[in-house]
Amino acid sequence: MENELKKDFTRRLSQCNSGEMIVIIYDIFFAYVDDIRQAHCTGDHDGQKDAIRNAQAETPATNSMDDVAAMGAAKNIVVVLDPGHDDTHAGARRNGLEEEDLTLKIAQYCKAELSRYNGVTVYMTRESGACANGGGAVTSTECNAKRVEYAQSVGANVYVSMHINAGGGNGAEIFYPNQNYRSDLGTTGHDLAQQILNKILELGIGEHGQGLKIHNSEDNTLYPDGSLADYLGVIRRSKLAGIPAILIEHAYIDTSDANYLNSDEKLRRFGVADATGI
């Protein structure tokens, strides 16, 4: 393994939380597998033996899949699901559908699926249609800020905000953090978004534009280090709290995409896709 890659792994390990550590260990393991494969393909048998010895010496936690499984089971991952909007701060409406109802059902199905996994604790920023943060006494911006505060209070390792798009378009898209201020959270967010998008696309819906997107501040809001902040409040505030956050726009409510949203079974499929990606 090249020294620069080792330094990157060292940096990531020094900044990670318990939920991210198992992912990094897998990355290290597969980096050594690549070294072994390359040596084998070139007929460098001594190099292959050296790569195997290096892997065993430097990644003891990955010497067996049992060890990896044990480590993963010992580290609880806290997932906070954020069903976008609520009865007070309503979302998009069209075709007899209401965004706040759809996001709640998707989140509930996602939570049920995630609850089948060992070592995963799931919280939701709201469990019903009601606003959990003051109702009409708070703005949608204040409500979203309190949702992130709640995620921080329960020790979230990841924050997943669920939405339904509007404005005339088709397909799913997921927003993830930029690389500014905490590049590690941007990387984790991108990887998480990619996994979830892959599962959503398996449902038959297309991707809107490039599918994965960064939305930078439009008014020059900056992070504490002076770098340009993320536009979306839940992503920006989560980054400031040290939590990788993404925002999923599952489909468009005001186009033919509504055909993916018009039954509980279809919403369940979205929830399971989200959970499988997570």
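Whatever comes next refers back to the structure up there.
This section reports on the structure supplied with the text. No experiment lies behind these values; they were computed from the predicted model shown.

**Structural notes on the sheet that holds strand β8 (residues 245–252)**
And step 1. Taken in spatial order, the 6 strands of this open sheet run β4-β1-β5-β8-β6-β7, and their pairing is mixed. Strands with a single pairing partner mark the edges of an open sheet, and in this sheet they are β4 (120–124) and β7 (207–213). Strand-to-strand, the axes of this sheet are offset by a mean angle of 20 degrees, without reference to chain direction.
And step 2. Sheet analysis places strand β5 (residues 158–165) next to β8, joined by 6 bridges and oriented parallel.

**Things to note about the pairing of strand β6 (residues 172–175)**
And step 1. Of the two faces of β6, both are covered, the one formed by A172 and I174 as well as the one formed by E173 and F175.
And step 2. Taken together, the 3 bridges between β6 and β7 define a ladder with parallel strand orientation. Note that in β7 the partner of I174 across the bridge is L212.
And step 3. Taken together, β6, helix α7 (residues 183–201) and β7 form a β-α-β motif whose crossover is right-handed.
And step 4. Here β6 pairs with β8 via 3 bridges, running antiparallel. When the bridges of β8 are listed, I174 appears paired with I248.

**Some words on the packing of helix α6 (residues 140–153) against helix α8 (residues 233–240)**
And step 1. One can describe the packing of α6 onto α8 by two numbers: an axis separation of 9 Å at closest approach and a directional angle of 35 degrees. Judged by the sense of rotation from one axis to the other, the crossing of α6 with α8 is right-handed. Mapping the contact onto sequence places T141, N144, A145 and V148 in α6 and V234, R237 and S238 in α8.
And step 2. Looking at side-chain class alone, the contact of α6 with α8 contains 3 nonpolar, 3 polar and 1 charged residues.

**Let's talk about the nonpolar core**
And step 1. Of all hydrophobic cores here, the largest spans 36 residues; its most connected members are L81, V160, I174, I200, I246 and L261.
And step 2. At the level of elements, β1 (77–83), α5 (99–114), β4, β5, β6, α7, β8 and α9 (264–277) are the ones that each hand at least two residues to this core.
And step 3. In terms of residues, this core owes the most to one element, α5, which gives 6 residues.
And step 4. If we skip the residues at most four places from it in the chain, V160 touches V80, L81, D82, L192, I246, I248 and I278.
And step 5. By size, the runner-up hydrophobic cluster in this structure holds 12 residues, among which are V80, A151, Y159 and A245.

**A few points about the side chain of D257**
And step 1. Looking at the secondary structure, you find D257 in the loop between β8 and α9.
And step 2. It turns out D257 is buried and unbridged, and the closest side chain with the opposite charge, K266, is 11 Å from it.
And step 3. Setting aside its immediate chain neighbours within four residues, D257 contacts G169, N170, G171, I205, A251 and Y252.

**Description of unusual backbone geometry**
And step 1. One non-glycine residue, H85, lies in the positive phi region at around 70 degrees.
And step 2. Tracing the backbone shows H85 in the loop between β1 and β2 (93–94).
And step 3. Positive phi, normally seen in glycine, also occurs at N220, with a value near 65 degrees.
And step 4. Counting through the fold element by element, N220 comes out in the loop between β7 and α8.

**Overview of the layout of surface pockets**
And step 1. Put simply, the second largest pocket is a space of about 410 Å³.
And step 2. Here the lining of the second largest pocket gets 5 residues from one element, more than from any other, and that element is α6.
And step 3. Class assignment for the residues of the lining of the second largest pocket results in 6 nonpolar, 8 polar and 5 charged.

**Here's the deal with the side chain of D86**
And step 1. Relative to the helices and strands, D86 resides in the loop between β1 and β2.
And step 2. The class for D86 is buried, based on a relative accessible area of 0%.
And step 3. Here H89 takes part through its backbone nitrogen, which lies 2.7 Å from a polar atom of the side chain of D86.
And step 4. Apart from residues lying up to four places away in sequence, D86 is in contact with E100, R126, G129, A130, C131, C143 and R147.

**Considerations on the pattern of salt bridges**
As a working rule, side chains carrying opposite charge can pair if their charged atoms are close by.
And step 1. A full pass over the atoms with the stated rule returns 13 salt bridges.
And step 2. The shortest N-O distance in the salt bridge between R147 and D82 comes to 2.6 Å. Placement of the pair is R147 in helix α6 and D82 in strand β1, with a sequence separation of 65 residues.
And step 3. On the basis of relative accessibility, which here comes to 3%, the residue R147 falls in the buried class.
And step 4. Accessibility expressed as a relative area gives 1% for D82, which makes it buried.
And step 5. Taking the shortest distance from any N to any O, the salt bridge between R116 and E113 comes out at 3.2 Å.
And step 6. Overall, the relative accessible area of 65% leaves R116 in the exposed class.
And step 7. Given the relative accessible area of 14%, E113 is considered buried.
And step 8. The network of salt bridges with shared partners includes D82, D86 and R147.

What counts, and where the lines are drawn
- Per chain, residues are indexed from 1 in the order of the written sequence.
- Restriction of local features to residues with pLDDT of at least 70 applies here, the model being predicted, together with a cutoff of 80 or more for giving and counting side-chain atom pairs; totals for whole chains, interfaces and linings are based on all residues.
- To obtain the side-chain values, all non-hydrogen atoms of the structure were used and water was disregarded.
- Strand pairing is assigned whenever DSSP detects at least two bridges linking the two strands.
- A run of H or I in DSSP becomes a helix once it reaches four residues, and a run of E becomes a strand once it reaches two; helices and strands are each numbered from the N terminus.
- Axis geometry follows a simple rule: fit a line to the C-alpha atoms, using only the stretch in contact for helices, then measure angles between N-to-C directions, giving values from 0 to 180 degrees.
- Think of it in three bands: with a 1.4 Å probe and only protein chains considered, a residue is buried below 20% of the maximum accessible area for its type, exposed above 50%, and partly exposed in between.
- Crossover handedness is defined by viewing with both strands directed away from the observer: a clockwise path from the first strand over the helix to the second marks the crossover as right-handed.
- A crossing counts as left-handed when the near helix is turned anticlockwise from the far one by less than a right angle, and as right-handed when that turn is clockwise.
- The criterion used for residue contact is that any of the two residues' heavy atoms lie within 4.5 Å.
- In the scheme used here, Gly and all other residues not listed as nonpolar or charged are polar, with Ala, Val, Leu, Ile, Met, Phe, Trp, Tyr, Cys and Pro taken as nonpolar and Asp, Glu, Lys and Arg as charged.
- For this analysis, a nonpolar core means a set of buried residues of the types Ala, Val, Leu, Ile, Met, Phe, Trp, Tyr and Cys, connected via side-chain atoms within 4.5 Å.
- The charge count treats Lys and Arg as positive and Asp and Glu as negative. His and the chain ends do not count.
- Salt bridge, as used here, is a side-chain nitrogen of Lys or Arg placed within 4 Å of a carboxyl oxygen of Asp or Glu.
- A cavity, in this analysis, means grid points on a 1 Å lattice covering only the protein atoms where a 1.4 Å probe fits yet has no way out; a pocket is instead an open set bounded by protein on both sides within 12 Å along at least five of seven lines, and a residue lines either one if it has an atom within 4 Å of a point.
- Grid points are joined across faces, edges and corners, and a volume is the space filled by probe spheres set on the points.
- Polar contact is the term for a pair of N or O atoms within 3.5 Å; when the atoms are in protein, one must be able to donate a hydrogen and the other to accept it, and sequence-neighboring residues count only if both atoms are side-chain atoms.

Remember, this is a structural readout, not a statement about activity or role.
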